[in-house]
Every structure is written in C-alpha cells, then in structure tokens.
Amino acid sequence: MQTRSLPHLRKLTGFLKLHRRSGLALAVLAIALSFAAPVILGGFGVFSRVAALPGWVLAGAPALMLLGWVANAGRVMLLTRANGSSIKFGPAWLIAAGGDFGAALGPGGLTGIAAYVFLLARYRLSSAFATALFTLERLLDQFIFAGALAASAVGLALVHQGNHPWQLFVISFGLCLAIVGLIVAAVVQYRRLLVAVTWLLAHLRFNQLNRRRFIAWSLRFRRSLGQVARLPRIDIFILILCAGGYWAARFAILPLIALGMHAPVPWAYLLAVQVLALFAGQLSLLPGGTITVEAVFAALLLPWLGRHDLALMLLAWRGSVFYFTLVAGGSAFALAAGRRARIGA
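So, how was this worked out
- Residues numbered from 1 in each chain as written.
- Predicted model: local features only at pLDDT ≥ 70, side-chain atom pairs only at ≥ 80, totals over all residues.
- Heavy atoms only, no water.
- Helix = DSSP H or I, 4+ residues; strand = E, 2+ residues; numbered from the N terminus.
- Contact = heavy atoms within 4.5 Å.
- Phe/Tyr/Trp six-rings, centres within 6.5 Å; stacked < 30°, edge-to-face > 60°.
- Buried < 20%, exposed > 50% of the residue type's maximum accessible area, 1.4 Å probe, protein only.
- Patch = residues over 30% accessible without salt bridge, like charges linked within 9 Å, V, L, I, M, F, W, Y side chains within 5 Å.
- Areas by Shrake-Rupley, 256 points an atom, 1.4 Å probe, with all protein chains shown as cover.
- Salt bridge = Lys/Arg side-chain N within 4 Å of Asp/Glu carboxyl O.

Enquirer: Any chance you could explain the side chain of T131 here in plain terms?
Expert: Relative to the elements of secondary structure, T131 occurs in helix α6 (residues 127–158). With near-sequence residues (within four places) excluded, T131 lies in contact with I113, V117, W217 and F221.

The structure is reproduced here in structure tokens:
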C-alpha cells in the first residue's frame, strides 16, 4: 500500500511546487506590469520625481497604511472575541497586515481569505469561524464603500460642478448593494443554498464522506455568523468604527499625495477614484488588481492631470497600497505564521 501511494504523493508534491512557482511568477509579472504603467505614462524620470516628493508625503503615505492596520487589528480582536478567544493587539496587528499581504498576492484578492484562515488557525480558530469573520468583514466593507461613494457623489455635485463619471458611481454603488444582498440572502436562505450545493457536489461525484464534511463545515460557519451577530452593541459599534478607521486611513493616502504634488484634483473625486479602482482590481487576473487598477486610475485622472503628473501620482499611490503591503505585510505574515499557536499570546 505504501508503494502504491508513493507515486500519488510525488504527483501531489510536484503539483504544489508547480503551483508555488507559477504563483511567484504571476506576482513578479504583476509587479513588473505595475511599474511599467507609470513608466509608459511619464518615462523613467518618474522614479526620480517620486524621490523628490516632500518628506512628509513619503513618510506619511506608508504611515497611513500602518495606521489602517492598527484599526483593522481592533476589528480582529473584537471579532475573535465572539467565540471566547482573546488575541492581543500585537498578534492581531500581524494578522491584519498579513491578511492584506495575502489579498495582494492573488487575482481579485481571493488569496486574502486563505491567508486569513491560515493565520487565525495559528491561534486555534477553526476555518469555519475564520471564514465567517472574513465574510462579515467584507460585508462591513461594502457598507463603507457605499457610504464613501455616496459622500463623494454629494460632494462633487454640491461643490465641484462639471462632467463626472456618474455612470461609474451608479454601477459601483449598485455592485455594493448587490454584494450585500447576496451575502444576506445566502445567510437567510442558507438551508436551501446548502441543499443546492450538496446536490451539486453529488452531481459532480464527490463521495458521501466529503459531502458530509462540507455540510458539517457549513453548519459551523452558520453558527459562527450567529456568534458574531450576538456581540454586545457597544462591540458592534466599535467594530464599525474600526472598519471606518481602516478605510479612512487608506483613502487618505491619495489626497495626501495630491496635496504634496499641489495637484488640482478635488478630494471627493480622489475618494471616488480609489473606490472605483478597488472594484476594478477585483476583475483583474493578476495580483494586486494589476492592469485594471492602473487603467481605471489613469482613465479617471487623465482629465485632471498631465501624463507626467499622472504617472507620479500613480507610482506614489501604488507604492503605498501595493508595494508597501507586499514588503511590510509580507513581513507581518511571516512573523504571524512563525508564532506558536497560543490564545492570549
């Protein structure tokens, strides 16, 4: 039996090595293309122009990312409290930063949930509970995005008259509501959804043991959602503040860069650009939303900026939200993954 299973083990090992190599190659390609976009717009001189930005911009933009992870650490601490766990601030910050690193590694941010589940497993939290927390975080994020889009649209309509991409506002706002609706419908109608998915698994010839495991996991996931929903109101209020603080810090990065460049772009418009670029990034097949993020960013800001200023703003912004996340978030992920699995550590 051991002899027969050896070829299968070798095939699995070879597949995992190939997957890791292809993932690394994809990440390198995404970084190269992300650097290529500002070079195409503004030439190689854009790198020296970034270095010439005021020091408070070069230090402030990454500091805002670090501050955002502080807010997200509070979110992790509150959410894990739902099942009686107690993760202190240091490990929670590593999980928050490492989760963003994981999201930046894969297409559409899909690897974020895998990183989140893996890091929380280091503290003996089940995959069902971790997935429930990730789902609720994404649900809360959609409300933040919808609020940001609404605030941006009102600000542009009242203060800055002119032609703005209102269609994109409407589409993005509708996407926020659609995602919220899908998550809520899946939670409310989980029994019907579970029956449908189980039937599909049977149709795809998954064996009965795996179907039972999936059903058990789904029920644990549903119970975990209920645990979080029963958090005290004060905790839920603080949770909303933490989510708002995280995105407020991230959305402040582009206006900070624009201020350092003396760029004549309204802050309300810059807020909309970032939300729309985030949505576009979910459609990319490359890590970090590469290509679609740059394309949407350039299309929305080209009417306001010259090519060289646009290249400078794009490189400085991506340097904080993407490249810095890969470096600082990757370091946090490595530290969190290497910690011993201890609750209250």
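Enquirer: It is not clear to me how the packing of aromatic side chains should be interpreted in this structure. Could you clarify?
Expert: We describe a pair of aromatic rings using the distance from one ring centre to the other and the angle between the two ring planes. Evaluation of the coordinates by the stated rule reveals 16 aromatic pairs. A centroid spacing of 6.1 Å and a plane angle of 10 degrees characterise the contact between W69 and F324, whose relative ring orientation is stacked. In this pair, W69 sits in helix α3 (residues 55–80) while F324 sits in helix α14 (residues 307–338), placing the two residues 255 residues apart along the sequence. Between F145 and W247, the ring centres sit 4.8 Å apart and the planes meet at 70 degrees, which makes this aromatic pair edge-to-face. Here F145, found in helix α6, pairs with W247, found in helix α10 (residues 233–251); they are 102 residues apart in sequence, far enough to count as distant. We note that F145, like W247, is buried. Through pairs of rings, three or more aromatic residues link up here, namely F145, Y246, W247, F251 and F279.

Enquirer: Before we go on, may I ask you to explain a nonpolar patch on the surface in this structure?
Expert: Taken together, the side chains of W199, L200, L204 and F206 make up a nonpolar region of the molecular surface, amounting to roughly 440 Å² of accessible area. Among the secondary structure elements, L204 is positioned in the loop between α8 (190–203) and α9 (208–229).

Enquirer: For this particular structure, what's the right way to read unusual backbone geometry?
Expert: Backbone geometry follows two general trends: most residues other than glycine have a negative phi, and most peptide bonds adopt the trans configuration. The phi dihedral of R124 is positive, around 60 degrees, even though this residue is not glycine. Here R124 lies in the loop between α5 (111–121) and α6. The backbone of I291 sits at a positive phi, close to 85 degrees, despite the residue not being glycine. Mapped onto the secondary structure, I291 falls in the loop between α12 (267–281) and α13 (292–301). Exposure remark for I291: the relative accessible area of 47% places this residue in the partly exposed category.

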